[in-house]
Each structure stands twice: as C-alpha cells, then as structure tokens.
Amino acid sequence: MNPAVVAARLHRATSHKELYGLYQQVPDVGRYAAMVGHEERWIVPLARDHEASAPAFASAHELLDALKDFLAAEEAELSDNHRFLANEAGPAQFRSLVAEFALDGLTESESLLPVVPRLPYRSGMAVFRVLIDELGCGNDEKSHSQLYRDLLDELGMSTDPDSYLDATPPEIYAYVNMFHWLASRAPSPQYFLGAYAYFESSVLYGFQSFARAAKRLGISKDAYYTEHLYIDAYHSTHMKTAIRSLEEPDLAKIWAGVRLASDIVGTATESAITRARRVT
C-alpha cells in the first residue's frame, strides 16, 4: 500500500497517542470500547484489506519464497532518505530520529510476550527464542531497550519513555501500537508471524543507514543498531521456523501480517527521516 495512503489513514482514523495509553492499562468497559473503536477505524481494516488481496499460496514454503522476493524488491528500492541518513545527516538530524523512535526503543519487545501462549507450542517456542534475545537473554545490559538507553545517554537525552509522549508523531505511535495489536489484540496470532518474519528480515537492510550514520558521526554507543544487524539474521531464521511449524497455517493472514508491517514500518521510517531532513 502506498505510504501516503497509510499516513492519511493514520491521521483520519484515530488518536494513536490515546490508543497507546489504553494499551498501557487494564481498561474498564468504557475504555475497552474506546480501544476497540480505535482499532476498528485503523488497523483492522488494513489487515482485512491485505488478507483479502493475499495471493492464493499453496504452501508455507511458497509464501516464504514470496516473502524473500518481497524483501529483495523492497531493499532494491530503498528511498533517497536512507542514502541521506547514511551519508549526510548531521548530529541534530540524527538526534531528531533517535528522539522520534525513543518510545519504541525504550520499550522494545515488552509488548510481544503475550503472543507466545497464543501460538501452537513449536511455533511459540521459535518466537520465544527470538524474544529471549531481544530481552538480553537475562542480561540487563544486553537487552535492546538498554542498548537504546545507552545511546540516549551518550547523546545527553532522556531515558524516560514518558518524556517522549507528547513529541512522538502519529506514524511512530502506529509503529509501536501495531506490535501490541499483533501480539495481544489481533484475532489470530498468525498475523504476528507474518509481520515479525518481515520485520526481523527487513531490519537487515532497514537499519543499515542508521548504523552508518552513527558510525560516521562518531557515536560509540551504536550497539542498538549494530546488534540488530548481527542478530536479526538469526531471528529471521527462527521466525520462518515458527511459520513452517504450523500444522494449519492461515497463509492469507500470515501474508497480511507481512504487508501490514511493511506499510506501517515503512511509513514511520520515511516520515521520520523526512522530518529529520528539515532539522537545522
């Protein structure tokens, strides 16, 4: 789906900041109704559209081949924004990006754990192996959220997620809210499998420009980016195993997850770099 179409839906559909707040609590009846309303105006129609238009895959193997081709095409068409970030972005522009994605980086993977018991055992264990890595394998210093705090510390920025609530744009809130919906709220966890298989693979090219910018700017606490470039090839393999392990895969829902994540992650990244380019 065209990023401009996705962005337009974000702005007219719902308050993503409000939805994020609802996801952080156990809602009463009124707040639960509000949460469902936000989802029905935003992500549920997107998921349904992609599910309805999914190719008629004959097997999980065929779907994974299509995912490989989809990722290759996406990598080949990376925008000028990624070139700018890698080669030209200055310190203030890079800080702008770090601030925009702080709400995600500081809470990374915390909302994903509920998907594990929703999945069949073997598929859930493959996902759990990925999440263990995301959380540092029990080592506080190696969790991805701690790596983001280290980056913020070096840049002299706040490590309190609440300090970014008012400044986080709707596209970034959608990025964060998407993962919560996929793990806890989507009617099937198979949407999550497609989305996270896409995400763990796309990071291998999507984070290259961030890592190169950090290195070029002399940032020493760049492990948040370099760790993803190292470990996500391993994670990508586990996510494919999670899909192959399903005895009754719903291939349309899995593919809808792929396309949903591509839309929302791509829109968030492009909009954030576009805004950063205006920073002086």
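Below you will find a few notes about this structure. (Residues numbered from 1 in each chain as written. Predicted model: local features only at pLDDT ≥ 70, side-chain atom pairs only at ≥ 80, totals over all residues. Heavy atoms only, no water.)

Moving on: the packing of helix 9 (residues 121–134) against helix 12 (residues 190–206). Close contact between helix 9 and helix 12 brings their axes to 12 Å; oriented N to C, the two are set at 40°. With respect to their mutual orientation, helix 9 and helix 12 come out oblique. Note that helix 9 runs across helix 12; the crossing there is left-handed. The residues of helix 12 that touch helix 9, namely those facing S123, V127, V130 and E134, are F192, L193, Y196 and E200. (Axes fitted to C-alpha atoms, helices over the stretch in contact; angles between N-to-C directions. Helix = DSSP H or I, 4+ residues; strand = E, 2+ residues; numbered from the N terminus. Parallel < 35°, antiparallel > 145°, perpendicular 65-115°, else oblique. Left-handed = near helix turned anticlockwise from the far one by under 90°. Contact = heavy atoms within 4.5 Å.)

A word on the packing of aromatic side chains. Applying the stated criterion across every chain, the model contains 20 aromatic pairs. With 5.5 Å between their ring centres and 55° between their planes, Y20 and Y173 make a pair best called tilted. With Y20 in helix 2 (residues 16–23) and Y173 in helix 11 (residues 170–185), this residue pair connects regions lying 153 residues apart in the sequence. With a relative accessible area of 2%, Y173 lands in the buried category. Their ring planes at 75° and their centres at 5.9 Å tell us that F70 and W255 sit as a pair that is edge-to-face. Linking F70 in helix 5 (residues 60–76) with W255 in helix 15 (residues 251–277), this pair joins segments that are 185 residues apart in sequence. In this pair, the class of F70 matches that of W255, namely buried. An aromatic cluster is built from F94, F101, Y148, Y175, F179, F192, Y196, F199, F207, F210, Y224 and Y225, whose rings are joined through pairwise contacts. Here the guanidinium or amino end of R277 rests over the ring plane of F84, the centre of that ring lying 4.3 Å away. (Phe/Tyr/Trp six-rings, centres within 6.5 Å; stacked < 30°, edge-to-face > 60°. Buried < 20%, exposed > 50% of the residue type's maximum accessible area, 1.4 Å probe, protein only. Lys NZ or Arg CZ within 6 Å of the ring centre and 35° of its normal.)

What follows is about the nonpolar core. Residues V127, Y148, W181 and Y225 are the most contacted members of the largest nonpolar core, which totals 89 residues. Per element, the largest residue contribution to this core is 13 residues, and it comes from helix 15. In this view, W181 contacts Y23, E39, I43, V44, A47, A186, P187, Y191 and L260; residues no more than four positions away in its chain are not counted. (Core = buried A, V, L, I, M, F, W, Y, C linked by side-chain atoms within 4.5 Å.)

What follows is about helix 15. Under the 1.5 Å per step criterion, the end-to-end length of helix 15 is 39 Å for 27 residues, consistent within 8% with the ideal 39 Å. Within helix 15, 20 of the 27 residues are buried, which leaves it mostly tucked inside the rest of the structure. (Expected span 1.5 Å × (residues − 1).)

Where nonpolar side chains cluster on the molecular surface, the patch consists of L113, F128, I132 and L135 and spans about 290 Å² of accessible area. Relative to the elements of secondary structure, L113 occurs in the loop between helix 8 (102–105) and helix 9. Its relative accessible area of 35% is what places L113 among the partly exposed residues. (Patch = residues over 30% accessible without salt bridge, like charges linked within 9 Å, V, L, I, M, F, W, Y side chains within 5 Å. Areas by Shrake-Rupley, 256 points an atom, 1.4 Å probe, with all protein chains shown as cover. Salt bridge = Lys/Arg side-chain N within 4 Å of Asp/Glu carboxyl O.)

Moving on to the pattern of salt bridges. Charged atoms that come close allow side chains of opposite charge to pair. Under the criterion given, the structure shown has eleven salt bridges. Here D250 and K253 are joined by a salt bridge, their closest N and O atoms 3.1 Å apart. Through salt bridges with shared partners, one network takes in D80, R83, E88 and R277.

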